[in-house]
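Structure at a glance
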Amino acid sequence: MTIASKIWAGLALAVLAPLGVSSGARAQDFPTIEPQRPVAITYDLSSTATGPMQIQAFADPAQQVARLQLGQGSDYLLLNRATEQVMLVSPGKGLIFVVSSAGMLHRRLGPDSGLRFTRAGHRMIAGEGCTVWNVVGPSGSGDACVTRDGVVLEGAGQGDRPDDHGQIPSGHLQATAVSYAPLPPSLFRPPAGLQEVDLPPSLFRALIPGLAGVANP
């Protein structure tokens, strides 16, 4: 998998799941997608951008940070909500690729988000209960199942027009294991001695087609 596709997969998941969006509207209108306590989640992900893969996600709201381990490789993503930065940590290459999220990690699911949510029942996934929400956006639709404490257990979506390769973008994400427990701060710190490479902020939105129709914060 290329570095670009790794960033796309991780950021797309981060916007949907364990960190990154808080609700600024009434609970009955919009879900809160922001964990309220430390959590570790294993996801199965399949999308037209990534193919099938497994993701290990860790989120600590006190530290305002999340970590996404993609597939079986050593590379991983760190999402720092306090600094509005996303880092692709690649120990094997001795590099850290850093990109600003330009405010998207604090994006609110309010009326100006361009997304419309409708409650659609309840489910049990990986031993946890969640509320199903149907979601309609400016360039596609889907659904998500979100726990009361802000963890996405399942999400699926499909665009309404072909991408540059003539393919309708789509994806499905489902939690297979959830664990609530304290997480060590070292989990969210990259190894010392890696060289940082700054990427342009425009790369954040460019790699996430689902954000194309969402206004800047």
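About the cut-offs
Residues numbered from 1 in each chain as written. Predicted model: local features only at pLDDT ≥ 70, side-chain atom pairs only at ≥ 80, totals over all residues. Heavy atoms only, no water. Phe/Tyr/Trp six-rings, centres within 6.5 Å; stacked < 30°, edge-to-face > 60°. Helix = DSSP H or I, 4+ residues; strand = E, 2+ residues; numbered from the N terminus. Buried < 20%, exposed > 50% of the residue type's maximum accessible area, 1.4 Å probe, protein only. Lys NZ or Arg CZ within 6 Å of the ring centre and 35° of its normal. Pairing = 2+ DSSP bridges. Axes fitted to C-alpha atoms, helices over the stretch in contact; angles between N-to-C directions.

**Quick notes on the packing of aromatic side chains**
Scanning the model with the defined rule gives one aromatic pair in all. On the basis of an interplanar angle of 85 degrees and a centroid distance of 6.2 Å, the ring pair of Phe117 and Trp133 is categorised as edge-to-face. Taken as a pair, Phe117 in strand E9 (residues 116–125) and Trp133 in strand E10 (residues 128–137) lie far apart in primary sequence, 16 residues in all. For Phe117, a relative accessible area of 13% gives the class buried. Classification of Trp133 as buried rests on a relative accessible area of 3%. The ring of Tyr180 carries the charged tip of Arg37 above its face, separated from the ring centre by 3.6 Å. For the cation-ring pair, Arg67 lies above Tyr76, with the distance from its terminal atom to the ring centre recorded as 3.6 Å.

**A short note on the sheet that holds strand E12 (residues 152–159)**
The 12 strands are arranged E9-E10-E11-E12-E13-E2-E3-E4-E5-E6-E7-E14 in an open sheet whose pairing can be described as mixed. Both outer strands of the open sheet, E9 and strand E14 (195–198), are each paired with one neighbouring strand and no more. Adjacent strand axes in the sheet meet at a mean angle of 20 degrees when their direction is disregarded. Across five bridges, E12 lies against strand E13 (residues 170–180) in antiparallel orientation. Across the sheet, the residue bridging to Ala156 is His172, located in E13.

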